[in-house]
2 protein chains.
Amino acid sequence: MGVPTPKQFCPILGRPLISYTLQALERVCWIKDIVVAVTGENMEVMKSIIQKYQHKRVSLVEAGVTRHRSIFSGLKALAEDQLNCKLSKPEIVIIHDAVRPFVEEDILLKVVTAAKEHGAAGAIRPLVSTVISPSTDGCLDHSLERARHRASEMPQAFLFDVIYEAYQQCSDYDLEFGTECLQLALKYCGTKAKLVEGSPDLWKVTYKRDLYAAESIIKERISQEICVVTDTEEDNKHVSHLLEEVLKSELNHVKVTSEALCHASRDLQQIILDQCYNFVCVNVMTSDFQETQKLLSMLEESNLSFLYPVVVISVHFLDFKLVPPSQKMENLMLIREFAKEVKKRNIWLCGLLISYPQDEQKRQESLRQGAIVIASLIKERNSGLIGQLLIA
Amino acid sequence: MGVPTPKQFCPILGRPLISYTLQALERVCWIKDIVVAVTGENMEVMKSIIQKYQHKRVSLVEAGVTRHRSIFSGLKALAEDQLNCKLSKPEIVIIHDAVRPFVEEDILLKVVTAAKEHGAAGAIRPLVSTVISPSTDGCLDHSLERARHRASEMPQAFLFDVIYEAYQQCSDYDLEFGTECLQLALKYCGTKAKLVEGSPDLWKVTYKRDLYAAESIIKERISQEICVVTDTEEDNKHVSHLLEEVLKSELNHVKVTSEALCHASRDLQQIILDQCYNFVCVNVMTSDFQETQKLLSMLEESNLSFLYPVVVISVHFLDFKLVPPSQKMENLMLIREFAKEVKKRNIWLCGLLISYPQDEQKRQESLRQGAIVIASLIKERNSGLIGQLLIA
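Residues numbered from 1 in each chain as written. Chains lettered and ligands numbered in written order. Predicted model: local features only at pLDDT ≥ 70, side-chain atom pairs only at ≥ 80, totals over all residues. Heavy atoms only, no water.

*Asks:* Tell me about the overall build of chain A, and please be specific about residues and values.
*Replies:* For chain A, the helix and strand inventory stands at 14 helices and 16 strands. Dimensions of chain A along its principal axes, counting C-alpha atoms only, are 80 × 55 × 40 Å. Look at the contacts in chain A between residues 6 or more apart in sequence, and 74% of them connect residues 24 or more apart. Surface summary for chain A: the accessible area is close to 17,600 Å², and the carbon and sulfur share equals 49%. Each charge class in chain A can be summarised by its mean position, and for the 45 positive and 51 negative side chains these summaries are 3 Å apart. (Helix = DSSP H or I, 4+ residues; strand = E, 2+ residues; numbered from the N terminus. Contact = heavy atoms within 4.5 Å. Areas by Shrake-Rupley, 256 points an atom, 1.4 Å probe, with all protein chains shown as cover. Lys, Arg positive; Asp, Glu negative; His and termini not counted. Charge placed at Lys NZ, Arg CZ, Asp CG, Glu CD.)

Okay, here's the thing in structure tokens:
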């Protein structure tokens, strides 16, 4: 990858890659324990990650010098019924890579079910490139027929006894140079693994470009929903409704909901619980940030911004013809102070002043501009713009 | 990829992927002709891309229904000495994919040199995943030793007569189901291709995540240099010099240069010719946008923004204690009009108002804030922020 940080610890939106992978596994309620093999030098880093992101059901074991030795360490920890050890031997064990953060419950279930029946199972993908075999002089010896081969990916699942037996039997050469767990189960236990077609998302973060791709995928995933929040009476609600409509028509593929800040906000609480990470707060009260502050307090009280940065855009409307924007800006510049405060809680606050002229066509155009700015703030999730007051 | 547009036409920073690949090949002066195989339905799109981005030395042929048939079409176009045809038979032909935009001259030279000696040569990469062979019942038959196999990538190069002969000889089955040109040269001409280790950059844009990765790589490549432009006399130059210093210390890996707008600007012209895509224009004259306008005119006259969007950040300084920023903002809001105008030329203009207090420590802090905003505008190249006036 060309960076000094081991790739599983590289940050994506501020959080180490491995934390995303742990989150993906944790989400699956039928996974009882997660054992992570970590080298001695990274043990403290790993412990602090688990603490900071409150990962549950995770045990750490010391990694070996090769992939197979690390897996063997993990299996041993599950096999041994030590005193003071909260781990117990499972029926099925899943083997997964720290650098494959996008594993879904669906494929986990498929490999586990197949492992129960066949003793072993693993995810596969079609080959992207043709595979060739070089001769010793660095020339082409032969190429493999692409349709007859597959890339072996993760996750894989095994009857615990099968894979543990295989690791106990296998040679030092296997432990040093082997790469394929399915092969060990075949070689030492005669278990023919079932191969399960996986999605492209299973790919392994290997190069720097994969880190870029992972960041874009995560940004895309948390930008699928925008909640427009407002605190006004019905008859004043017009402007926020208009903005909501424009957002809906401008942002395809994004779910736009709207919620009231008032009335104890049961619905808004639900939206937060359902993990919407993007809020557009429409301010129409006399005090410029009354609504925004209310929303920020609710978000701070929830644990929403724990795993992902939450974007809040505080929207203000103004007829630039009647009031020069500069006059309003004086007050709105206060947003920088609010933003600095909530940034500590991983809430990324920006302001947006939308021109609101009398002329309907012009108004529609400035709402459209506003929607474009909102879309790009949410999609790009650029921390350098925290506290800025933008204009549409 | 899950999108309706064929991947070679997917836009990256507004420009279709294939145009980046053509640019990479065009740059290499010893490549005489570039033949692109295009399906009938995409012929007009391809013609308009070539025209819009002024690609040179490109001929189009109609693609076949499979990869091998398309390559054969391209070879025929080079082989036949038709009347009115500007193509002539080359000694060596390179075969490359439209969806591998990051091919470097270095690897092109290596495969061509090796092809001259061996008759055929191709780039290879280590395998990322273990390759396995499934049995007919969807179980593991055997896994291949990873160290003994390689992924065959592009570019590949051939003595023209060798590969043309191979395609003329090969069977319909090969043309329908084959994937590997090196294999055809081996099978039909007995030519053992030399395998050349390539860089990770040779990877093929296959999935949506690859498009994300490609965009990030391109953004990174054009963000390696920032030119700070100023038009003041030496003794006034202080402020731009300070900003330059902070940019240098805040932005590692980025080359920060500074140039004067005055004196016919020979040096600035050279920076533009050398393809710096990021400009910070420090405005200290009485008229708020005098310098920025001068710079914009120069950029418009050059063809710099032709292939990539050029980011220009118009920087203004103000002691917020002495003059409330709102007062200055009134004028600076004009930036939206300038931005709208130059956006048509692919120049992305933003404004940045940096607080400039008397207190040195505070001043340093606001310059640092300014550098962070500049860095994120340049790195993220977010078109949604065009025309905004940011504050540090």
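Okay, back to it.
*Asks:* Residue-level account of the sheet that holds strand S16 (residues 389–391) of chain A, with values.
*Replies:* Residue and element names in this part refer to chain A. An order of S12-S11-S13-S14-S15-S16 is seen for the six strands of this open sheet, with the pairing classed as parallel. One side of each edge strand has no neighbouring strand; the edge strands of this open sheet are strand S12 (255–260) and S16. Neighbour-to-neighbour, the strand axes of this sheet turn through a mean angle of 25 degrees, independent of strand direction. With three bridges joining them, strand S15 (residues 347–355) and S16 adopt parallel strand pairing. Across the sheet, Gly-351 pairs through a bridge with Leu-389, a residue of S16. (Pairing = 2+ DSSP bridges. Axes fitted to C-alpha atoms, helices over the stretch in contact; angles between N-to-C directions.)

*Asks:* Residue-level account of the pattern of salt bridges, with values.
*Replies:* In total, this model carries 41 salt bridges over all chains according to the counting rule given. Residue B:Glu341 pairs with B:Lys344 through a salt bridge whose shortest N-O separation is 3.2 Å. Judged by its relative accessible area of 62%, B:Lys344 falls in the exposed class. Salt bridges linked by common partners bring A:Arg67, A:Asp97, A:Arg100 and A:Glu153 together as one network. (Salt bridge = Lys/Arg side-chain N within 4 Å of Asp/Glu carboxyl O. Buried < 20%, exposed > 50% of the residue type's maximum accessible area, 1.4 Å probe, protein only.)

*Asks:* Let's hear about the relation of the copies chain B and chain A: which residues, and what values?
*Replies:* Between the two copies, chain B and chain A, the superposition gives an RMSD of 0.0 Å; the rotation angle is 180 degrees and the shift along the axis is 0.0 Å. Given the turn and translation reported, the copies of this chain are related as if by a two-fold rotation axis. (Least-squares fit on C-alpha atoms with pLDDT ≥ 70 in both.)

*Asks:* Describe the interface of chain B and chain A, listing the residues and the values that go with them.
*Replies:* Put simply, an interface is often sized by how much accessible area is lost when its parts join up. Taken together, the contacts link 73 residues of chain B with 73 residues of chain A. At the boundary of chain B with chain A, total buried surface from both sides reaches about 6,100 Å², with 56% on carbon and sulfur atoms. On the chain B side of the contact with chain A, B:Ile132, B:Leu140 and B:Arg209 bury the most area, a combined 11% of that side's loss. Between the two partners, chain B and chain A, sit four salt bridges. Across the pair B:Glu380 and A:Lys219 runs a salt bridge, and its minimum N-O distance is 3.9 Å. (Buried area = accessible area lost by both parts, 1.4 Å probe.)

*Asks:* Lay out the environment of A:Glu41 with the relevant residues and their values.
*Replies:* Looking at where A:Glu41 falls in the secondary structure, it is placed in the loop between strand S3 (34–38) and helix H2 (43–52). As for A:Glu41 and A:Ala166, which are separated by 125 residues in sequence, their C-alpha atoms are 28 Å apart.

*Asks:* Could you give an account of the packing of helix H9 (residues 238–250) of chain A against helix H14 (residues 360–380) of chain A, with specific residues and numbers?
*Replies:* Residues and elements named next belong to chain A. Their axes nearest at 9 Å, the elements H9 and H14 cross at an angle of 60 degrees. By the angle between their directions, the pair H9 and H14 is classed as oblique. Taken as a pair, H9 and H14 cross one another with a handedness that is right-handed. Residues Leu-242, Leu-243, Val-246, Leu-247 and Glu-250 of H9 form the contact with H14, whose participating residues are Arg-363, Gln-364, Leu-367, Arg-368, Ala-371, Ile-372 and Ile-374. Partitioned by chemical class, the residues of the contact of H9 with H14 number eight nonpolar, one polar and three charged. (Parallel < 35°, antiparallel > 145°, perpendicular 65-115°, else oblique. Left-handed = near helix turned anticlockwise from the far one by under 90°. Nonpolar A, V, L, I, M, F, W, Y, C, P; charged D, E, K, R; others polar.)

*Asks:* So what about the side chain of A:Thr66? Which residues, and what values?
*Replies:* All names here are of chain A. Relative to the assigned elements, Thr-66 resides in the loop between strand S4 (58–62) and helix H3 (67–79). For Thr-66, a relative accessible area of 14% puts it in the buried group. In this view, Thr-66 contacts Leu-175 and Glu-176; residues no more than four positions away in its chain are not counted.

*Asks:* So what about the pairing of strand S11 (residues 225–230) of chain B? Which residues, and what values?
*Replies:* Residue and element names in this part refer to chain B. Counting buried positions along S11 yields six of six residues, so the element is predominantly enclosed. Across the two faces of S11 the burial is the same, with Glu-225, Cys-227 and Val-229 and Ile-226, Val-228 and Thr-230 all buried. Relative to strand S12 (residues 255–260), S11 is paired through six bridges, and the arrangement is parallel. Paired with Cys-227 across the strands is Thr-257, a residue of S12. Pairing between S11 and strand S13 (residues 278–283): four bridges, direction parallel. Each residue of the ladder has a partner; that of Cys-227, found in S13, is Phe-279.

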